[in-house]
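# Observations on the three-dimensional arrangement
Next come the chains, spelled out residue by residue.
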Amino acid sequence: EMSPEARRFQERVDADIRIEPREWMPEAYRKTLIRQISQHAHSEIVGMLPEGNWITRAPNLERKAILLAKVQDEAGHGLYLYSAAETLGVSREELTRQLVTGEAKYSSIFNYPTLTWADIGVIGWLVDGAAIMNQIPLQRCSYGPYARAMIRVCKEESFHQRQGYASLMVLAKGSAEQKEMLQDALNRWWWPSLMMFGPPDAESVHSAQSARWKIKLFSNDELRQRFVDQTVPQAEYLGITLPDPDLRWNEERGHYDYGKIDWAEFQAVVAGNGPCNRQRMQSVNSAFYDGAWVREAAAAHATKTAERETQ
Ligand code: ACO
């Protein structure tokens, strides 16, 4: 039996009226949003690490400048999202603590290594491509601050996706070695990219409730299918082969069929046992502890400035 407040809340959600920070909301709605928005923020922050690996080794100055700007954008998205989470009553310190201690989840995809330069283009194309597929609908989700944050984030992500694809066009037209490097990167990133959308619908514990609250407008499997459908022609245009022998157009469904995803691999990565989980946590921790003096200095400066102003 729903309380009158809960009923009114659900009616507003059903009528596509945005929920704003100071309005009444069910505690479980608040908790779900804090969980999802903070996981999303952590993903942006940890997502800087695999790409940061290539800033010092980009093939030329132009590529380096682009990569630097892109990694900086990801930092901005993280900060934006932490602010959106803070409107729900959780502190930035608490969210940071959860990330640093390893209590918090972040996207499985960022636990894979970036072995060659082609990985950087493939991340732009596939990883940012998958991220946009999931985030475009979030622009219309029920929680105002999250929906609004997604508008800018999606604009920047689309640019990232395009630049990734453009850099792969160069490799695709290049030497035999460059083409081979591109194919190898695709082979390694394809399946993990499909896992980004989360477990199959039947095993997605939060989906039903999040759909009722219009936090999720499409299911994990729906978005995954859209991503496959969008990506196949792009791969054909590049002249490369997606590493899935079962991939074929299904006339009846009007979609591409694709092979079985290795969910055991996904579970292992989410549980902390992917190829780079430990390395990522170590980087997050050294950034946090090595940067402690900067935070202390900034806080001391802020205190002094405030004292001077009140004198
Ligand atoms: N990597 C790590 N954990 C995942 C992933 C993934 N790819 N997919 C699902 N999970 C986790 C969920 O966080 C949840 O764990 P929890 O209960 O401990 O919080 C669990 O698996 C069950 O999954 P679902 O019930 O499907 O969870 P949910 O309804 O939250 O859906 C999804 C998952 C689709 C990722 C959703 O949270 C979402 O849309 N998040 C916002 C987008 C985002 O975070 N993108 C990050 C990657 S893109 C980028 O940052 C560039």
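Above this text is the structure in question.
These lines cover the structure that appears in this document, whether it is placed above or below. (Residues numbered from 1 in each chain as written. Predicted model: local features only at pLDDT ≥ 70, side-chain atom pairs only at ≥ 80, totals over all residues. Heavy atoms only, no water.)

### A word on the overall build of the protein chain
Note the threshold: Note on conventions: DSSP H or I runs of at least 4 residues are helices, E runs of at least 2 residues are strands, and numbering of each starts at the N terminus. Residue contacts are defined here by distance: any two heavy atoms, one from each residue, within 4.5 Å place the two residues in contact. Values of accessible area rely on a 1.4 Å probe in the Shrake-Rupley scheme; residue burial ignores everything except the protein chains shown. We treat Lys and Arg as the positive residues and Asp and Glu as the negative residues; His and chain ends play no part in the count. A charge is said to be at NZ when it belongs to Lys, at CZ for Arg, at CG for Asp and at CD for Glu.
When helices and strands are counted, the protein chain shows 13 helices and two strands. Partitioning the intrachain contacts of the protein chain with sequence separation of at least 6 by distance along the chain shows that 77% fall at a separation of at least 24. For the protein chain, the computed accessible surface area is about 16200 Å², with 55% contributed by carbon and sulfur atoms. Distance between charge centres in the protein chain, computed from 36 positive and 41 negative side chains, equals 3 Å.

### A look at the layout of surface pockets
We count it as follows: As defined here, a cavity is a set of points on a 1 Å grid over the protein atoms alone where a 1.4 Å probe fits but cannot get out. A pocket is an open set with protein on both sides within 12 Å along at least five of seven lines, and residues line them when an atom is within 4 Å of a point. Grid points are joined across faces, edges and corners, and a volume is the space filled by probe spheres set on the points. Only Asp, Glu, Lys and Arg are considered charged in this grouping, and only Ala, Val, Leu, Ile, Met, Phe, Trp, Tyr, Cys and Pro are considered nonpolar; every other residue, Gly among them, is considered polar.
Approximately 540 Å³ is the volume attributed to the second largest pocket. For the second largest pocket, the lining is made up of 15 residues, of which Ile45, Arg92, Thr96, Phe288 and Arg295 are closest to its centre. Examining the composition of the lining of the second largest pocket, we find that five residues originate from one element, helix α5 (residues 92–101), more than from any other. Across the lining of the second largest pocket, the residue classes break down as eleven nonpolar, one polar and three charged.

### Some points on the site of the ligand
Heads up, the condition is: What makes a residue near a molecule or strand is one non-hydrogen atom of that residue sitting within 4 Å of it. Side-chain atoms alone can form a polar contact between residues adjacent in sequence; in general such a contact is a pair of N or O atoms within 3.5 Å, and within protein one must be able to donate a hydrogen while the other accepts it.
Inspection of the region around the ligand gives 28 residues, with Gln39, Lys105, Ser204, His206 and Lys216 positioned closest. One of the side-chain N or O atoms of glutamine 36 is found 3.4 Å from an oxygen atom in the ligand. Serine 108 is positioned with one of its backbone polar atoms (N or O) 2.8 Å from a nitrogen atom of the ligand. Burial of the ligand by the surrounding chains reaches 88%, relative to a free accessible area of 970 Å². Contributions of two or more residues to the shell around the ligand are made by α2 (27–46), α6 (117–138), α7 (144–172) and α11 (263–273).

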